[in-house]
Amino acid sequence: MPRIDNSTPAVVLPVYNHGSLAAARTLGRMGVPVYGTHSPKREPATYSRYLRQRFVWDLDEAADEDTLAYLLEVVAVSIGRPAVLIPAHDAAAIFIAEHAEALRESFIVPELDPSLARRLVDKRGLHELCLGSGTPSPDTIFPTTREEVEAFARDAAYPIVIKAISGFLLQGLRHPTLIVNDEGELLANFNAMAVGDDLNVMLQQYIPGGPDSIWIFHGYADRDAETLFGFVGNKLREYPVDTGLTTLGVNRPNAAVDEAARNFVKGIGYSGIIDIDFRYDARDDRYKPIDFNPRPGANFRLFVDSNGLDVVRTAYLDLTGQRPVAGEQRLGRRWMAGNWDLAAARQYMALDRLTAKGWARSLRGVEEDAWAARDDPAPFFAMLREFTAFAGAFVARRLGLEK
C-alpha cells in the first residue's frame, strides 16, 4: 500500500462474526491500533491478535443511552485519543448515525443522515428509495393486517419471498428471508416472523436465476456521496441457499451493476461504507437492489484492489483526512467462509445443484478464507471448536442420541 498515517486508533462495534474479525485484521495489518466491544459470551472472532483491547458490552441488549455513556466514559477514556468507529452490523450503524453528534466528542464517524440509515436497512424504506430514485425494484407489498396476508396468500403466484422488514428486530429466528412455495408455508412463516401491530413483514416477487444472477457491490462514499472505492462480484454460493450470507464469492466486473450502485448512492446522498446485493431479472433485463447494508458486509474482503485497499481501509483513510488511492480491480479473486460453505454445499447437493467434484473444483483460486489466517490463527481454532460441537449435536439429533 502507499504510505499512510496509521496512528489513529479504530474501534470495531461489535466484534462478533467473521465480518467484524476481517475489519479488525485489515486495519491491524496496516499497523492501526484496533479495539473492539463484544457481548459477555465471547465469540471466536474476539480471539484475534489484532485486537489491542476488548471491552465487554452487550450492544444488542443495552439501551442506547447506556451504550453512548459506556463508549464515551469507558472506551474513549481508556483509548485516550479520537478513534474511528467501524459498525459491524446494522443496529450499530444506525446507533452511530443517530448519536453521531455526541460520539464526535471522542470518535470519528461518517456524516450520515440517521433517517437515511434507518430507511436503508428497512426493506420498505429501501424499496421506496429505489422507486424515488428511478432504481428498479422487485414488485413488493407491505401488508398491514393479517387478513391482508391471508387474502394475498390465496391468489399469489408462487414462489414468494417473505422478508422481515427490519431483520435485526427479530428475536430467536435464524433467517430473516425465506422463499415459500405455497399458501400454508407462507402463512406459517408469516406468523413466526411478524412482530407487533406493524407486522415487520414484506412479501416480494421472487426473481429466478442461478449464481450468475446474484451480484454484490461493495464501496465507500465520501461526505459528498461520491464513491471513492467500489467493486462488483458474484455470489457463487450462499447459506441458506438463495437467501443467505455469501459463503463463496468471486471478484468479477459488471459495468451495469457498478453504474446502478454508484448512481443510487449519489441519488440518495449516502455517505459511508456500502454493501448492496443485486439480483438480475432476465424478464425485464434489469438489476434490482434487494438489500443495502450501511456498514461492511461480512464478505467485504472479497474486494481487495491492487493497492491493498478494501472498504474498511478506504473508510479509515478518508475519515482520518487521507485521500485513498484506489487501484485496479483484482479480477478472479475468490474469497470464502469455509465453515458456512460446508453447510451451503450440503444444501446445494441435496437440491442437485452441486456435486462433490464441482464443490472441490470451485475452491481453486480461493485467496482468502474468512477464518483461517497464518498470522492470526486463534479465531480459526476457536471457530473450529464451536463448529465441531455444533456438528456433533446435529449428528446426535439425527441419530436420536441427544437426551
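Keep in mind that what you see is a predicted model, and the values were worked out from it rather than measured.

**Q** Help me understand the overall build of the protein in this model?
**A** The helix and strand inventory of the protein stands at 13 helices and 16 strands. A compact globule built from 403 residues should have a C-alpha radius of gyration of about 22 Å, and the protein, at 21 Å, falls within 12% of that. Seen along its three principal axes, the alpha-carbon backbone of the protein occupies a region of about 60 × 50 × 45 Å. Every one of the 403 residues in the protein was classed for burial, and the buried ones make up 53%. Within the protein, residue pairs in contact and separated by at least 24 positions form 67% of the contacts whose partners lie at least 6 positions apart. Accessible surface for the protein amounts to roughly 17,900 Å². Of this, 51% is attributable to carbon and sulfur atoms.

**Q** Sorry if this is basic, but what is going on with unusual backbone geometry here?
**A** Glycine aside, the phi torsion of most residues is negative, and most peptide linkages are trans. In this structure, Pro14 follows Leu13 across a cis peptide bond, with omega equal to -15 degrees. Position of Pro14 relative to the elements: it lies in the loop between strand S1 (10-13) and helix H1 (18-28). With a phi close to 55 degrees, Asp285 is a non-glycine residue in the positive phi region. Following the sequence through the fold, Asp285 ends up in the loop between strand S13 (272-281) and strand S14 (286-293).

**Q** How should I be thinking about the nonpolar core in this particular structure?
**A** The tendency in soluble globular proteins is for nonpolar side chains to be buried as a group. Formed by 37 residues in total, the largest nonpolar core has its most connected members in Leu27, Val32, Val34, Val312 and Tyr316. Elements represented by at least two residues in this core include exactly S1, H1, strand S4 (83-87), strand S10 (214-221), strand S11 (227-239) and helix H10 (311-319). Looking at which element gives the most residues to this core, the answer is H10, with six residues. Setting aside residues no more than four positions away along its own chain, Val312 makes contact with Ala23, Thr26, Leu27, Ile86, Ile273, Pro296 and Phe300. Counting 25 residues, the second largest nonpolar core, distinct from the first, contains Cys130, Val232, Ile276 and Phe278.

**Q** Just checking my understanding: could you explain helix H8 (residues 183-193) for this structure?
**A** Residue pairs spaced three or four apart in an α-helix point in one direction, given the helix's 3.6 residues per turn. When we look at burial in H8, the residues that qualify are Leu186, Phe190 and Met193. Each buried residue of H8 lies within a common arc of 70 degrees when the element is viewed along its axis, so the set occupies one face. Looking at the buried positions of H8, the neighbouring elements they touch are helix H7 (146-155), strand S7 (160-164), strand S8 (177-180) and strand S9 (201-205).

**Q** What is the right way to read the confidence of the model for the protein from this model?
**A** When pLDDT drops low, the exact placement of atoms in the prediction is not to be read closely. Averaged over every residue, the pLDDT of the protein is 92; residues scoring 70 or more account for 96%. In the model, residues 169-173 has pLDDT below 50 throughout and makes eight contacts with residues more than four positions away in sequence or in other chains.

**Q** Could you clarify how one ought to interpret the sheet that holds S11 in this entry?
**A** Strands pair in a sheet through their backbones, by hydrogen bonds, and they do so in one of two ways: parallel or antiparallel. In spatial order, the strands read S14-S13-S10-S11-S12-S15-S16; together these seven strands make up an open sheet with mixed pairing. The sheet terminates laterally at S14 and strand S16 (366-369), the two strands that pair on one side only. The sheet shows a mean angle of 30 degrees between the axes of neighbouring strands, taken without regard to direction. Looking at chain direction, S11 and strand S12 (residues 245-251) are connected through six bridges and run antiparallel.

Thresholds, definitions, all that
Residues numbered from 1 in each chain as written. Predicted model: local features only at pLDDT ≥ 70, side-chain atom pairs only at ≥ 80, totals over all residues. Heavy atoms only, no water. Helix = DSSP H or I, 4+ residues; strand = E, 2+ residues; numbered from the N terminus. Rg over C-alpha atoms; globule rule 2.2 N^0.38 Å. Buried < 20%, exposed > 50% of the residue type's maximum accessible area, 1.4 Å probe, protein only. Contact = heavy atoms within 4.5 Å. Areas by Shrake-Rupley, 256 points an atom, 1.4 Å probe, with all protein chains shown as cover. Core = buried A, V, L, I, M, F, W, Y, C linked by side-chain atoms within 4.5 Å. Arc of directions from axis to C-beta. pLDDT = per-residue confidence, 0-100. Pairing = 2+ DSSP bridges. Axes fitted to C-alpha atoms, helices over the stretch in contact; angles between N-to-C directions.

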